[in-house]
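Chain residues, written in single-letter form:
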Amino acid sequence: MTCDVLCLRPQSDFERAGECAPASLDVAYRSPNDHDVPQLFKTARALLIPAVGPKLAAELFTDSSVKFVQVTGAGLDRLDRATLQRLEILVANVPGGSNQAVAEYVVTSASTLLRRLAWADQEIQAGNYAAFRSRMLADNLSGLQELLVGVVGFGVIGIAVAELFHKMGCRICYYDPAPVAKNVAEALEATATSLDLLVQSADIITVHVPLIAATQGLIGDKQLASMKPGSILIQASRGGVVDEAALAKHLELGKIGGAAVDVYSGEPPTLENPLLALSGEARRRLILTPHIAGVTRQSAAILFRTAWQNLERVLIHKQPPLHRAY
């Protein structure tokens, strides 16, 4: 069997978002584990993959006919960059397509944690309505307005998150070793700072960096121990950036006000993951979601439409891809 595009995500994903493959492209939809995937690599001209999933074996690309890989998202973790560059296979992603969805997730999670909304739901179901309402009032819980939000990673997603927090009346500080456009920071009245100062001063810390050697364990025991009492952490970047054992430890200690975790060092997380072992109040201060911060109907439509357009651009119109990653 030959095809223009080998797509390693279900056709139903595209149909559900209303962004099906254009008629100009012959597409073969497969699961990564289907028996004929290695053979299709030898006949397909391009590969289309979701950003989330297990790493693809480098051997699949050796002696393949694939010359272009399009990712329906921003993350490139699934690909062996050295192999693809050696084989001169072009790779493109869709940066920014999930910005609004991630920003909504972060702000919603922050508000839910600060005001203990999910925790209150559990207490009411357990018959503790009056006692927990009294506790919420006595603890003088905070809303978002005027809080200091520390954004770790001030790229396109971090900026989108900062913009939404800014609209909610929050103050913004950020840490990013890469240069940030002065006009962007000024528009948000955002202050650049060190990572150490950010974790010590922010009421809300939200993480938006890729997983590379320099960011592995970036938020670890030292940083979590330095957080302000009652402050919260939102982890919606990549699993491994936040040390999960250290986070579980500090939630147990009770100093951290709460955390929302959307990504894990291993996905799906196993029962050995320390975050899944939490109980009592430590568990109630934790929101766990299954890597869906950037997933909404609207964001999926943007990602899929952009991906198909780029595939047409390369395969049909013989033009270089947009958003080339390498």
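In what follows, the structure referred to is the one given above.
The structure displayed is predicted, hence computed values, not measured ones.

A word on the pattern of salt bridges
Between side chains of opposite charge, pairing is possible as soon as their charged atoms come close.
(1) Moving on: Evaluation of the coordinates by the stated rule reveals 15 salt bridges.
(2) Moving on: The closest approach of N and O atoms between Lys222 and Asp196, which form a salt bridge, is 3.8 Å. Placement of Lys222 in helix H10 (residues 221–226) and of Asp196 in helix H9 (residues 195–201) is noted, with a sequence separation of 26 residues between them.
(3) Moving on: The exposure class of Lys222 is exposed, given its relative accessible area of 53%.
(4) Moving on: Its relative accessible area of 34% is what places Asp196 among the partly exposed residues.
(5) Moving on: Salt bridges sharing common partners tie together Arg116, Arg135, Asp139, Glu281 and Arg285.

Considerations on the nonpolar core
(1) Moving on: Membership of the largest hydrophobic core comes to 31 residues, with the highest contact counts inside it found for Leu144, Phe154, Phe165, Ile172, Ile204 and Ile234.
(2) Moving on: Secondary-structure elements contributing two or more residues to this core are helix H4 (99–114), strand E6 (148–152), helix H7 (156–167), strand E7 (171–175) and strand E10 (232–235).
(3) Moving on: With eight residues, the top contributor of residues to this core is H4.
(4) Moving on: Not counting residues up to four positions away in its chain, the partners in contact with Ile204 are Ala110, Leu114, Leu144, Leu147, Leu148, Val149, Gly150, Phe165, Ile232 and Ile234.
(5) Moving on: In this structure, Ala202, Leu218, Ile219 and Val241 belong to the second largest nonpolar core, which totals 29 residues.

Observations concerning unusual backbone geometry
(1) Moving on: In this chain, Glu267 is followed by Pro268 through a cis amide linkage whose omega measures 0°.
(2) Moving on: Here Pro268 lies in the loop between strand E11 (258–261) and helix H12 (280–284).
(3) Moving on: With a phi close to 75°, Glu146 is a non-glycine residue in the positive phi region.
(4) Moving on: Judged by relative accessible area, which is 56%, Glu146 ranks as exposed.
(5) Moving on: Despite not being glycine, Glu189 shows a phi value in the positive range, around 50°.
(6) Moving on: With respect to the helices, strands and loops of the structure, Glu189 is situated in the loop between helix H8 (182–187) and strand E8 (191–192).

Parameters at a glance
- Residues numbered from 1 in each chain as written.
- Predicted model: local features only at pLDDT ≥ 70, side-chain atom pairs only at ≥ 80, totals over all residues.
- Heavy atoms only, no water.
- Salt bridge = Lys/Arg side-chain N within 4 Å of Asp/Glu carboxyl O.
- Helix = DSSP H or I, 4+ residues; strand = E, 2+ residues; numbered from the N terminus.
- Buried < 20%, exposed > 50% of the residue type's maximum accessible area, 1.4 Å probe, protein only.
- Core = buried A, V, L, I, M, F, W, Y, C linked by side-chain atoms within 4.5 Å.
- Contact = heavy atoms within 4.5 Å.

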